[in-house]
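# Examining the three-dimensional arrangement
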Amino acid sequence: MQGQRVLLRVDFNVPLSDGKIVDDSRIRAAVPTIKALLDGGASVVIMSHLGRPDGRVVDGLRLRPAAERLTQLIRVNVPTTGDALGVGTDDAVRRLRPGELLLLENVRFHAGEERNDPAFAERLASYGDVFVNDAFGAAHRAHASTVGVAAYLPSYVGLLMEQEVEALSNLLEKPARPFAAIVGGGKVSGKVAVLEALIKKVDLLILGGGVANTFLVASGRSVGKSLYESKMVDDARRILKLAQDRGVRVLLPVDGVVAKEVTRGTEFKVVSTDKLPASWHMVDLGPASITAIREALAPIKTILWNGPLGVFEIPSFAVATRELAKVAAEKADAGATVVVGGGDSIAALRQLGIAEKMTHLSTGGGASLEFLEGRDLPGLAVVPTAGSPYETLPIVYVAPVKPGGKAAPRRAAAKPKPIIKPSALDDEDDDESDPLA
Ligand code: ADP
Ligand code: MG
(Lines give C-alpha, C1' and ligand atoms only; values in the text may rest on other atoms or scores of the structure.)
(Ligands and ions follow the chains in the order given, each with its own letter.)
Protein backbone atom coordinates (compact mmCIF):
# COMPACT_ATOMS: atom_id res chain seq x y z
CA MET A 1 0.00 0.00 0.00
CA GLN A 2 2.92 2.33 0.70
CA GLY A 3 2.76 5.29 -1.65
CA GLN A 4 -0.24 3.98 -3.55
CA ARG A 5 -3.20 6.21 -4.30
CA VAL A 6 -6.29 4.21 -3.34
CA LEU A 7 -9.70 5.09 -4.76
CA LEU A 8 -12.01 3.79 -2.04
CA ARG A 9 -15.78 3.42 -2.47
CA VAL A 10 -17.62 3.46 0.86
CA ASP A 11 -21.29 3.62 1.73
CA PHE A 12 -21.85 6.86 3.65
CA ASN A 13 -25.52 6.85 2.65
CA VAL A 14 -26.66 7.58 6.20
CA PRO A 15 -30.10 8.72 7.35
CA LEU A 16 -30.13 12.50 7.92
CA SER A 17 -32.59 14.70 9.76
CA ASP A 18 -32.19 18.49 9.59
CA GLY A 19 -28.66 18.01 8.27
CA LYS A 20 -27.73 15.82 11.25
CA ILE A 21 -26.74 12.17 11.00
CA VAL A 22 -29.37 10.02 12.73
CA ASP A 23 -27.41 6.75 12.57
CA ASP A 24 -23.68 6.65 11.84
CA SER A 25 -23.39 2.83 11.67
CA ARG A 26 -22.30 2.88 8.06
CA ILE A 27 -19.54 5.43 8.68
CA ARG A 28 -18.26 3.46 11.68
CA ALA A 29 -18.31 0.30 9.59
CA ALA A 30 -15.97 1.86 7.00
CA VAL A 31 -13.36 2.92 9.56
CA PRO A 32 -11.31 -0.32 9.71
CA THR A 33 -10.58 -0.22 5.97
CA ILE A 34 -9.81 3.50 5.97
CA LYS A 35 -7.44 3.11 8.92
CA ALA A 36 -5.73 0.07 7.42
CA LEU A 37 -5.07 1.98 4.19
CA LEU A 38 -3.79 5.11 5.93
CA ASP A 39 -1.62 3.10 8.34
CA GLY A 40 -0.25 1.19 5.38
CA GLY A 41 1.01 4.43 3.87
CA ALA A 42 -1.58 4.86 1.14
CA SER A 43 -3.26 8.13 0.25
CA VAL A 44 -6.99 7.61 0.10
CA VAL A 45 -9.56 9.23 -2.16
CA ILE A 46 -12.97 8.29 -0.78
CA MET A 47 -16.16 8.20 -2.86
CA SER A 48 -19.76 7.74 -1.70
CA HIS A 49 -23.29 8.58 -2.64
CA LEU A 50 -25.93 10.03 -0.33
CA GLY A 51 -29.65 9.85 -1.05
CA ARG A 52 -31.18 10.24 -4.46
CA PRO A 53 -30.20 13.60 -5.95
CA ASP A 54 -30.81 12.16 -9.45
CA GLY A 55 -27.79 13.68 -11.16
CA ARG A 56 -28.24 17.21 -9.80
CA VAL A 57 -26.55 19.12 -6.98
CA VAL A 58 -28.80 19.04 -3.91
CA ASP A 59 -27.32 21.05 -1.03
CA GLY A 60 -29.08 18.93 1.60
CA LEU A 61 -27.31 15.85 0.25
CA ARG A 62 -23.73 17.10 0.51
CA LEU A 63 -21.30 14.77 2.26
CA ARG A 64 -19.86 17.34 4.68
CA PRO A 65 -21.73 15.93 7.73
CA ALA A 66 -20.30 12.49 6.93
CA ALA A 67 -16.79 13.96 6.62
CA GLU A 68 -17.18 15.65 10.00
CA ARG A 69 -18.35 12.42 11.60
CA LEU A 70 -15.45 10.50 10.06
CA THR A 71 -13.02 13.16 11.27
CA GLN A 72 -14.27 12.57 14.84
CA LEU A 73 -14.03 8.80 14.48
CA ILE A 74 -10.50 8.57 13.05
CA ARG A 75 -9.10 11.81 14.53
CA VAL A 76 -7.68 12.83 11.18
CA ASN A 77 -9.05 15.81 9.31
CA VAL A 78 -11.19 14.68 6.36
CA PRO A 79 -11.49 17.45 3.76
CA THR A 80 -14.30 17.27 1.21
CA THR A 81 -14.19 18.52 -2.35
CA GLY A 82 -16.96 20.76 -3.67
CA ASP A 83 -17.53 18.42 -6.59
CA ALA A 84 -16.57 14.80 -7.31
CA LEU A 85 -14.75 16.02 -10.45
CA GLY A 86 -13.27 19.30 -11.64
CA VAL A 87 -10.02 21.24 -11.62
CA GLY A 88 -10.10 21.90 -7.86
CA THR A 89 -10.63 18.21 -7.16
CA ASP A 90 -7.88 17.16 -9.60
CA ASP A 91 -5.56 19.51 -7.76
CA ALA A 92 -6.53 18.33 -4.28
CA VAL A 93 -6.02 14.70 -5.30
CA ARG A 94 -2.63 15.47 -6.82
CA ARG A 95 -1.47 17.14 -3.61
CA LEU A 96 -2.43 14.19 -1.36
CA ARG A 97 0.54 12.63 0.41
CA PRO A 98 0.87 9.12 1.88
CA GLY A 99 -1.28 8.79 4.99
CA GLU A 100 -3.66 11.58 3.88
CA LEU A 101 -7.23 11.30 2.68
CA LEU A 102 -10.05 13.29 1.17
CA LEU A 103 -13.72 12.70 0.50
CA LEU A 104 -15.12 13.46 -2.95
CA GLU A 105 -18.50 15.21 -2.99
CA ASN A 106 -21.61 13.00 -3.52
CA VAL A 107 -20.99 11.06 -6.73
CA ARG A 108 -24.74 11.01 -7.49
CA PHE A 109 -24.63 14.77 -8.18
CA HIS A 110 -23.37 13.56 -11.58
CA ALA A 111 -25.87 11.80 -13.84
CA GLY A 112 -23.02 9.58 -15.05
CA GLU A 113 -22.88 7.80 -11.69
CA GLU A 114 -26.15 5.89 -11.80
CA ARG A 115 -25.89 5.47 -15.58
CA ASN A 116 -22.46 3.92 -15.08
CA ASP A 117 -21.18 6.27 -17.77
CA PRO A 118 -17.73 5.06 -18.91
CA ALA A 119 -16.37 8.61 -19.30
CA PHE A 120 -17.42 9.49 -15.74
CA ALA A 121 -15.97 6.23 -14.42
CA GLU A 122 -12.70 6.85 -16.24
CA ARG A 123 -12.34 10.31 -14.70
CA LEU A 124 -13.01 8.92 -11.22
CA ALA A 125 -10.53 6.12 -11.90
CA SER A 126 -7.85 8.70 -12.75
CA TYR A 127 -7.81 9.59 -9.02
CA GLY A 128 -6.37 6.24 -7.97
CA ASP A 129 -3.74 3.63 -8.74
CA VAL A 130 -6.01 0.91 -7.33
CA PHE A 131 -9.71 0.62 -6.54
CA VAL A 132 -11.03 -0.74 -3.25
CA ASN A 133 -14.76 -1.34 -2.94
CA ASP A 134 -15.97 -1.38 0.66
CA ALA A 135 -19.54 -0.19 -0.03
CA PHE A 136 -21.53 -3.31 0.76
CA GLY A 137 -24.74 -1.27 1.04
CA ALA A 138 -24.32 -0.14 -2.59
CA ALA A 139 -22.96 -3.43 -3.96
CA HIS A 140 -26.29 -4.29 -5.61
CA ARG A 141 -25.92 -1.25 -7.86
CA ALA A 142 -23.91 -1.31 -11.08
CA HIS A 143 -22.92 2.35 -10.96
CA ALA A 144 -19.76 4.17 -12.07
CA SER A 145 -18.19 4.33 -8.60
CA THR A 146 -19.09 0.74 -7.63
CA VAL A 147 -18.54 -1.10 -10.91
CA GLY A 148 -17.44 1.26 -13.69
CA VAL A 149 -14.06 2.22 -12.18
CA ALA A 150 -13.11 -1.46 -11.88
CA ALA A 151 -12.69 -1.53 -15.66
CA TYR A 152 -9.73 0.84 -15.34
CA LEU A 153 -7.98 -0.13 -12.11
CA PRO A 154 -6.79 -3.24 -10.29
CA SER A 155 -9.66 -3.86 -7.89
CA TYR A 156 -10.06 -5.21 -4.37
CA VAL A 157 -12.73 -5.49 -1.71
CA GLY A 158 -12.39 -3.82 1.69
CA LEU A 159 -12.66 -5.30 5.16
CA LEU A 160 -16.35 -4.46 5.63
CA MET A 161 -17.27 -6.06 2.33
CA GLU A 162 -15.33 -9.14 3.38
CA GLN A 163 -17.03 -9.29 6.77
CA GLU A 164 -20.52 -8.87 5.30
CA VAL A 165 -19.98 -11.52 2.66
CA GLU A 166 -18.58 -13.92 5.22
CA ALA A 167 -21.44 -13.44 7.69
CA LEU A 168 -24.16 -13.74 5.06
CA SER A 169 -22.46 -16.64 3.22
CA ASN A 170 -22.19 -18.58 6.48
CA LEU A 171 -25.94 -18.19 6.93
CA LEU A 172 -26.62 -19.59 3.51
CA GLU A 173 -23.96 -22.27 3.40
CA LYS A 174 -23.44 -23.66 6.87
CA PRO A 175 -25.95 -22.37 9.41
CA ALA A 176 -26.04 -24.16 12.76
CA ARG A 177 -29.48 -25.78 12.87
CA PRO A 178 -32.26 -25.28 13.59
CA PHE A 179 -32.20 -22.07 11.57
CA ALA A 180 -35.00 -19.50 11.80
CA ALA A 181 -35.76 -16.46 9.66
CA ILE A 182 -37.89 -13.69 11.09
CA VAL A 183 -39.35 -11.40 8.46
CA GLY A 184 -41.35 -8.30 9.34
CA GLY A 185 -41.55 -4.76 8.05
CA GLY A 186 -44.20 -3.04 6.02
CA LYS A 187 -44.44 -4.81 2.71
CA VAL A 188 -44.11 -8.23 1.11
CA SER A 189 -43.24 -6.75 -2.28
CA GLY A 190 -39.47 -6.53 -2.43
CA LYS A 191 -39.22 -9.46 -0.03
CA VAL A 192 -40.89 -12.18 -2.11
CA ALA A 193 -37.64 -13.34 -3.69
CA VAL A 194 -35.80 -13.45 -0.39
CA LEU A 195 -38.70 -15.28 1.29
CA GLU A 196 -38.64 -17.88 -1.46
CA ALA A 197 -34.88 -18.31 -1.14
CA LEU A 198 -35.08 -18.54 2.65
CA ILE A 199 -37.82 -21.19 2.62
CA LYS A 200 -35.24 -23.43 0.97
CA LYS A 201 -32.74 -22.81 3.79
CA VAL A 202 -34.59 -22.40 7.08
CA ASP A 203 -36.39 -24.73 9.48
CA LEU A 204 -38.70 -22.04 10.81
CA LEU A 205 -40.14 -18.86 9.31
CA ILE A 206 -41.66 -16.29 11.66
CA LEU A 207 -43.73 -13.52 10.11
CA GLY A 208 -44.67 -10.17 11.61
CA GLY A 209 -45.49 -6.59 10.70
CA GLY A 210 -47.40 -5.65 7.58
CA VAL A 211 -45.79 -8.67 5.89
CA ALA A 212 -47.72 -10.98 8.22
CA ASN A 213 -50.97 -9.17 7.37
CA THR A 214 -50.64 -10.14 3.71
CA PHE A 215 -49.95 -13.75 4.76
CA LEU A 216 -52.99 -13.70 7.08
CA VAL A 217 -55.12 -12.71 4.08
CA ALA A 218 -53.47 -15.48 2.04
CA SER A 219 -54.48 -17.95 4.72
CA GLY A 220 -58.12 -16.85 4.64
CA ARG A 221 -58.39 -14.19 7.34
CA SER A 222 -59.60 -10.65 6.84
CA VAL A 223 -57.38 -7.92 8.26
CA GLY A 224 -59.71 -4.92 8.31
CA LYS A 225 -57.95 -1.65 7.55
CA SER A 226 -54.48 -3.08 8.26
CA LEU A 227 -51.67 -2.50 5.80
CA TYR A 228 -51.55 -5.42 3.37
CA GLU A 229 -50.88 -5.86 -0.32
CA SER A 230 -53.69 -7.42 -2.32
CA LYS A 231 -51.35 -7.90 -5.29
CA MET A 232 -49.05 -10.01 -3.15
CA VAL A 233 -51.63 -12.42 -1.76
CA ASP A 234 -51.01 -15.01 -4.49
CA ASP A 235 -47.26 -14.84 -3.88
CA ALA A 236 -47.85 -15.25 -0.16
CA ARG A 237 -50.04 -18.29 -0.83
CA ARG A 238 -47.33 -19.78 -3.04
CA ILE A 239 -44.71 -19.26 -0.34
CA LEU A 240 -46.97 -20.91 2.26
CA LYS A 241 -47.43 -23.89 -0.07
CA LEU A 242 -43.69 -24.10 -0.67
CA ALA A 243 -43.11 -24.12 3.09
CA GLN A 244 -45.67 -26.86 3.55
CA ASP A 245 -44.12 -28.98 0.79
CA ARG A 246 -40.68 -28.64 2.34
CA GLY A 247 -41.80 -29.19 5.92
CA VAL A 248 -40.81 -25.68 7.02
CA ARG A 249 -42.81 -24.43 9.99
CA VAL A 250 -44.38 -20.98 9.44
CA LEU A 251 -45.43 -18.99 12.48
CA LEU A 252 -48.18 -16.46 11.74
CA PRO A 253 -49.47 -14.12 14.46
CA VAL A 254 -52.32 -15.60 16.53
CA ASP A 255 -53.17 -12.26 18.09
CA GLY A 256 -52.43 -8.64 17.39
CA VAL A 257 -52.70 -5.10 18.65
CA VAL A 258 -55.30 -3.23 16.63
CA ALA A 259 -55.54 0.56 16.60
CA LYS A 260 -58.25 2.99 15.50
CA GLU A 261 -55.62 5.03 13.66
CA VAL A 262 -51.91 4.52 13.01
CA THR A 263 -50.96 7.48 15.21
CA ARG A 264 -49.66 8.18 18.68
CA GLY A 265 -52.29 8.40 21.40
CA THR A 266 -54.95 6.51 19.47
CA GLU A 267 -57.25 3.88 21.00
CA PHE A 268 -55.93 0.30 20.75
CA LYS A 269 -56.68 -3.22 22.02
CA VAL A 270 -55.54 -6.83 21.68
CA VAL A 271 -57.63 -9.21 19.57
CA SER A 272 -57.28 -12.68 18.04
CA THR A 273 -56.18 -12.64 14.39
CA ASP A 274 -59.24 -14.82 13.67
CA LYS A 275 -61.48 -11.89 14.61
CA LEU A 276 -59.73 -8.76 13.34
CA PRO A 277 -62.29 -5.94 13.35
CA ALA A 278 -63.14 -4.39 9.98
CA SER A 279 -62.44 -0.76 10.83
CA TRP A 280 -59.19 -1.15 12.82
CA HIS A 281 -55.49 -1.44 11.85
CA MET A 282 -53.27 -4.23 13.10
CA VAL A 283 -50.09 -2.44 14.19
CA ASP A 284 -48.23 -4.90 16.43
CA LEU A 285 -48.22 -8.54 17.48
CA GLY A 286 -50.13 -9.47 20.63
CA PRO A 287 -48.85 -11.18 23.81
CA ALA A 288 -49.82 -14.72 22.75
CA SER A 289 -47.87 -14.31 19.49
CA ILE A 290 -44.85 -12.99 21.38
CA THR A 291 -44.97 -16.02 23.71
CA ALA A 292 -45.25 -18.33 20.72
CA ILE A 293 -42.21 -16.69 19.10
CA ARG A 294 -40.20 -16.97 22.31
CA GLU A 295 -41.06 -20.69 22.57
CA ALA A 296 -40.39 -21.39 18.89
CA LEU A 297 -36.97 -19.74 19.14
CA ALA A 298 -35.89 -21.75 22.22
CA PRO A 299 -34.10 -24.54 20.30
CA ILE A 300 -32.96 -22.27 17.44
CA LYS A 301 -29.20 -21.93 16.86
CA THR A 302 -29.19 -19.45 13.96
CA ILE A 303 -31.45 -16.42 13.54
CA LEU A 304 -31.77 -14.09 10.59
CA TRP A 305 -34.01 -11.10 11.31
CA ASN A 306 -35.19 -8.50 8.83
CA GLY A 307 -37.99 -6.03 9.48
CA PRO A 308 -39.69 -4.83 12.67
CA LEU A 309 -42.73 -6.75 13.94
CA GLY A 310 -44.92 -3.66 14.26
CA VAL A 311 -45.12 0.09 13.74
CA PHE A 312 -42.21 0.46 16.16
CA GLU A 313 -41.85 4.20 15.53
CA ILE A 314 -44.88 4.60 17.84
CA PRO A 315 -43.76 3.39 21.30
CA SER A 316 -47.07 1.65 22.16
CA PHE A 317 -46.71 -0.46 19.02
CA ALA A 318 -43.04 -1.34 19.51
CA VAL A 319 -43.70 -4.03 22.12
CA ALA A 320 -43.24 -7.13 19.94
CA THR A 321 -40.19 -5.68 18.19
CA ARG A 322 -38.65 -4.83 21.56
CA GLU A 323 -39.42 -8.26 23.02
CA LEU A 324 -37.95 -9.99 19.99
CA ALA A 325 -34.85 -7.80 20.24
CA LYS A 326 -34.41 -8.93 23.84
CA VAL A 327 -34.87 -12.60 22.93
CA ALA A 328 -32.39 -12.20 20.08
CA ALA A 329 -29.83 -10.63 22.44
CA GLU A 330 -30.33 -13.50 24.94
CA LYS A 331 -29.90 -16.03 22.17
CA ALA A 332 -26.70 -14.35 20.95
CA ASP A 333 -25.39 -14.32 24.54
CA ALA A 334 -26.10 -18.03 24.76
CA GLY A 335 -24.01 -18.71 21.66
CA ALA A 336 -26.55 -18.60 18.83
CA THR A 337 -25.65 -16.77 15.61
CA VAL A 338 -27.92 -13.74 15.24
CA VAL A 339 -27.74 -11.69 12.07
CA VAL A 340 -29.92 -8.60 11.70
CA GLY A 341 -30.38 -6.68 8.47
CA GLY A 342 -32.46 -3.67 7.52
CA GLY A 343 -32.19 -0.02 8.51
CA ASP A 344 -35.36 0.06 10.60
CA SER A 345 -34.66 -3.21 12.40
CA ILE A 346 -31.20 -2.02 13.38
CA ALA A 347 -32.61 1.37 14.42
CA ALA A 348 -34.99 -0.50 16.76
CA LEU A 349 -32.06 -2.40 18.30
CA ARG A 350 -30.08 0.81 18.74
CA GLN A 351 -33.03 2.43 20.56
CA LEU A 352 -32.77 -0.41 23.06
CA GLY A 353 -29.00 -0.16 23.26
CA ILE A 354 -28.49 -3.85 22.50
CA ALA A 355 -27.43 -3.69 18.86
CA GLU A 356 -23.84 -4.63 19.69
CA LYS A 357 -24.95 -7.91 21.27
CA MET A 358 -25.88 -9.34 17.88
CA THR A 359 -23.41 -11.52 15.97
CA HIS A 360 -23.63 -9.36 12.87
CA LEU A 361 -25.53 -6.23 11.83
CA SER A 362 -25.65 -5.96 8.10
CA THR A 363 -25.07 -2.44 6.76
CA GLY A 364 -26.82 -3.34 3.53
CA GLY A 365 -30.58 -3.12 3.12
CA GLY A 366 -31.30 -4.02 -0.50
CA ALA A 367 -27.80 -5.45 -0.91
CA SER A 368 -28.21 -7.97 1.94
CA LEU A 369 -31.60 -9.07 0.64
CA GLU A 370 -30.23 -9.58 -2.87
CA PHE A 371 -27.23 -11.45 -1.51
CA LEU A 372 -29.52 -13.74 0.49
CA GLU A 373 -31.62 -14.31 -2.61
CA GLY A 374 -28.47 -15.78 -4.12
CA ARG A 375 -28.03 -13.05 -6.71
CA ASP A 376 -24.64 -11.79 -7.84
CA LEU A 377 -23.97 -8.33 -6.49
CA PRO A 378 -22.38 -6.28 -9.30
CA GLY A 379 -20.12 -4.33 -6.91
CA LEU A 380 -18.74 -7.59 -5.59
CA ALA A 381 -18.60 -9.45 -8.83
CA VAL A 382 -16.24 -6.95 -10.51
CA VAL A 383 -13.64 -7.66 -7.86
CA PRO A 384 -11.77 -10.94 -8.19
CA THR A 385 -11.78 -11.86 -4.51
CA ALA A 386 -9.12 -14.35 -3.54
CA GLY A 387 -10.67 -17.70 -2.78
CA SER A 388 -14.06 -16.77 -4.22
CA PRO A 389 -15.62 -18.66 -7.09
CA TYR A 390 -15.01 -15.53 -9.18
CA GLU A 391 -11.28 -16.01 -9.03
CA THR A 392 -11.30 -18.65 -11.70
CA LEU A 393 -13.82 -17.02 -14.03
CA PRO A 394 -12.69 -15.09 -17.10
CA ILE A 395 -12.66 -11.33 -16.53
CA VAL A 396 -15.01 -9.60 -18.88
CA TYR A 397 -16.63 -6.38 -17.90
CA VAL A 398 -19.32 -5.50 -20.41
CA ALA A 399 -19.79 -1.76 -20.18
CA PRO A 400 -23.25 -0.53 -21.09
CA VAL A 401 -23.07 1.07 -24.53
CA LYS A 402 -25.32 4.03 -25.13
CA PRO A 403 -26.39 4.76 -28.70
CA GLY A 404 -23.71 7.04 -30.11
CA GLY A 405 -21.51 6.57 -27.07
CA LYS A 406 -18.46 4.39 -26.87
CA ALA A 407 -17.92 1.56 -24.46
CA ALA A 408 -15.31 1.65 -21.76
CA PRO A 409 -11.98 0.32 -22.96
CA ARG A 410 -11.35 -3.10 -21.56
CA ARG A 411 -8.15 -3.59 -19.67
CA ALA A 412 -6.06 -6.59 -20.39
CA ALA A 413 -6.74 -8.23 -17.09
CA ALA A 414 -4.27 -10.21 -15.08
CA LYS A 415 -7.01 -11.81 -13.03
CA PRO A 416 -10.33 -13.19 -14.14
CA LYS A 417 -13.56 -11.30 -13.61
CA PRO A 418 -17.13 -12.38 -14.16
CA ILE A 419 -19.49 -10.89 -16.64
CA ILE A 420 -21.68 -8.08 -15.38
CA LYS A 421 -24.58 -7.60 -17.69
CA PRO A 422 -25.82 -4.08 -18.30
CA SER A 423 -29.25 -5.31 -17.25
CA ALA A 424 -28.05 -5.01 -13.67
CA LEU A 425 -28.47 -1.27 -14.25
CA ASP A 426 -32.22 -1.61 -14.45
CA ASP A 427 -32.36 -2.94 -10.97
CA GLU A 428 -34.19 -0.22 -9.07
CA ASP A 429 -36.91 -2.34 -7.62
CA ASP A 430 -36.69 -1.51 -3.95
CA ASP A 431 -38.60 0.85 -1.76
CA GLU A 432 -38.19 4.43 -3.00
CA SER A 433 -39.15 5.69 0.42
CA ASP A 434 -36.31 3.84 2.12
CA PRO A 435 -33.44 6.27 2.63
CA LEU A 436 -31.06 3.36 3.04
CA ALA A 437 -31.98 1.69 -0.25
P1 ADP B 1 -36.08 -2.75 7.48
O2 ADP B 1 -35.70 -1.31 7.24
O3 ADP B 1 -35.58 -3.25 8.81
O4 ADP B 1 -35.70 -3.63 6.33
P5 ADP B 1 -38.73 -2.38 6.47
O6 ADP B 1 -38.26 -1.12 5.82
O7 ADP B 1 -39.03 -3.53 5.61
O8 ADP B 1 -37.67 -2.82 7.58
O9 ADP B 1 -40.03 -2.10 7.33
C10 ADP B 1 -40.07 -1.11 8.33
C11 ADP B 1 -41.39 -0.43 8.38
O12 ADP B 1 -42.46 -1.36 8.50
C13 ADP B 1 -41.51 0.49 9.56
O14 ADP B 1 -41.64 1.82 9.11
C15 ADP B 1 -42.74 0.02 10.29
O16 ADP B 1 -43.55 1.08 10.78
C17 ADP B 1 -43.49 -0.73 9.21
N18 ADP B 1 -44.43 -1.70 9.78
C19 ADP B 1 -44.16 -2.75 10.55
N20 ADP B 1 -45.31 -3.38 10.93
C21 ADP B 1 -46.32 -2.71 10.36
C22 ADP B 1 -47.75 -2.86 10.37
N23 ADP B 1 -48.34 -3.83 11.04
N24 ADP B 1 -48.49 -1.97 9.68
C25 ADP B 1 -47.88 -0.96 9.00
N26 ADP B 1 -46.55 -0.77 8.95
C27 ADP B 1 -45.78 -1.62 9.62
MG1 MG C 1 -36.63 0.16 5.98
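Residues numbered from 1 in each chain as written. Chains lettered and ligands numbered in written order. Predicted model: local features only at pLDDT ≥ 70, side-chain atom pairs only at ≥ 80, totals over all residues. Heavy atoms only, no water.

So, about the overall build of the chain. Scanning the chain from N- to C-terminus turns up 14 helices and 16 strands. Split into buried and exposed, the 437 residues of the chain put 56% on the buried side. Of the contacts made within the chain by residues no fewer than 6 positions apart, 73% connect residues no fewer than 24 positions apart. (Helix = DSSP H or I, 4+ residues; strand = E, 2+ residues; numbered from the N terminus. Buried < 20%, exposed > 50% of the residue type's maximum accessible area, 1.4 Å probe, protein only. Contact = heavy atoms within 4.5 Å.)

Turning next to the sheet that holds strand β10 (residues 249-251). Strands pair in a sheet through their backbones, by hydrogen bonds, and they do so in one of two ways: parallel or antiparallel. Strand order in the open sheet made by the six strands is β10-β9-β8-β14-β15-β16, with parallel pairing throughout. Here the strands that pair on one side only, and so sit at the sheet edges, are β10 and β16 (360-361). Where strand β8 (residues 179-183) and strand β9 (residues 204-207) come together, four bridges link them in parallel fashion. Across the sheet, V183 pairs through a bridge with L207, a residue of β9. (Pairing = 2+ DSSP bridges.)

Let us now look at the site of ligand 1. Around ligand 1 sit 19 residues, and of these G186, K191, E313, D344 and S345 come closest. Contacts to ligand 1 include M282, whose backbone N or O atom sits 3.1 Å from a nitrogen atom. Here an oxygen atom of ligand 1 and a side-chain polar atom of D344 are 2.8 Å apart. Burial of ligand 1 by the protein chains amounts to 83% of its free accessible area of 570 Å². (Near = heavy atom within 4 Å. Polar contact = N/O pair within 3.5 Å; in protein donor to acceptor, adjacent residues only side chain to side chain. Areas by Shrake-Rupley, 256 points an atom, 1.4 Å probe, with all protein chains shown as cover.)

The relation between two aromatic rings is expressed through the spacing of the ring centres and the mutual angle of the planes. Under the definition given, this model contains one aromatic pair. Residues F268 and F317 carry aromatic rings whose centres are separated by 5.4 Å and whose planes lie at 85° to one another, so their mutual orientation is edge-to-face. Pair noted here: F268 is in strand β12 (residues 268-272) and F317 is in the loop between β14 (302-306) and α11 (319-333), with a separation of 49 residues, a long-range link. Note that K269 overlies the ring of W280, its terminal NZ or CZ placed 4.2 Å from the centroid. (Phe/Tyr/Trp six-rings, centres within 6.5 Å; stacked < 30°, edge-to-face > 60°. Lys NZ or Arg CZ within 6 Å of the ring centre and 35° of its normal.)

Okay, the sheet that holds strand β13 (residues 281-285) next. If you trace the three strands from one edge of the open sheet to the other, you get β12-β11-β13, paired in antiparallel fashion. Strands at the two margins of the open sheet, each flanked by one partner only, are β12 and β13. Ignoring which end each strand starts from, the neighbouring axes of this sheet average 40° apart. Alignment of strand β11 (residues 255-259) against β12, held across five bridges, turns out to be antiparallel. Bridge pairing in β12 places D255 opposite S272. (Axes fitted to C-alpha atoms, helices over the stretch in contact; angles between N-to-C directions.)

Ranked by internal contacts, the top residues of the largest apolar core, which has 75 residues, are L207, F215, L297 and L349. Among the elements that make up this core, the one with the highest residue count is α11 (seven residues). Discounting chain neighbours no more than four positions away, the residues touching L297 are A180, I182, L204, I206, I303, L324, V327 and K331. In this structure, V31, L63, V78 and V130 belong to the second largest nonpolar core, which totals 27 residues. (Core = buried A, V, L, I, M, F, W, Y, C linked by side-chain atoms within 4.5 Å.)

Time to look at the environment of A176. Mapping A176 onto the fold places it in the loop between α6 (159-173) and β8. A sequence separation of 160 residues divides A176 from A336, and the C-alpha atoms of the two residues are 8.2 Å apart. Those residues within four positions of A176 in sequence are excluded, and the remaining contacts are K301 and T302.

Time to look at the packing of helix α7 (residues 192-199) against helix α9 (residues 233-246). Direction vectors running N to C along α7 and α9 enclose 5°, while the axes themselves pass 10 Å from each other. Taken together, the axes of α7 and α9 lie roughly parallel to each other. Taking contact as the criterion, the partners of V192, L195, E196 and I199 in α7 are, on α9, D235, R238, I239, L242, A243 and R246. Looking at the contact of α7 with α9 residue by residue, the classes come out as six nonpolar, no polar and four charged. (Parallel < 35°, antiparallel > 145°, perpendicular 65-115°, else oblique. Nonpolar A, V, L, I, M, F, W, Y, C, P; charged D, E, K, R; others polar.)

Right, let's get into helix α10 (residues 287-297). Those residues of α10 that sit buried are S289, I290, I293, A296 and L297. Down the axis of α10, the sector holding all buried residues measures 130°, keeping them to one side. (Arc of directions from axis to C-beta.)

The next subject is the environment of P98. Here P98 shows up in the loop between α3 (87-95) and β5 (101-103). With 55 residues separating them along the chain, P98 and S43 place their C-alpha atoms 4.5 Å apart.

With that settled, consider the confidence of the model for the chain. Counting all residues, the mean pLDDT for the chain is 89, and 88% of those residues have values of 70 or more. Segment residues 388-437 is flagged for pLDDT under 50; beyond a separation of four residues in sequence, or across chains, it makes 101 contacts in the model. (pLDDT = per-residue confidence, 0-100.)

In this section: helix α1 (residues 25-39). If you check α1, its first and last C-alpha atoms are 22 Å apart, about what 15 residues at 1.5 Å a residue would give, namely 21 Å. In α1, a bend of some 35° at V31 exceeds every other bend along the element, and P32, a proline, comes one to four places later. When α1 is considered as a whole, its buried residues turn out to be S25, R26, I27, A29, A30, V31, T33, I34, L37 and L38. One or two steps after α1, the chain reaches G41, where phi turns positive at roughly 90°. (Expected span 1.5 Å × (residues − 1). Bend = angle between axes of the 7 residues up to and from the residue.)

Attention now goes to the pairing of strand β4 (residues 43-47). Of all five residues in β4, five are buried, a share of seventy percent or more. Because side chains alternate across β4, one face comprises the buried residues S43, V45 and M47, and the other comprises V44 and I46, equally buried. Relative to β4, strand β1 (residues 5-9) runs parallel, the two sharing five bridges. Within β4, the residue paired with R5 across the bridge is S43. Relative to β5, β4 is paired through three bridges, and the arrangement is parallel.

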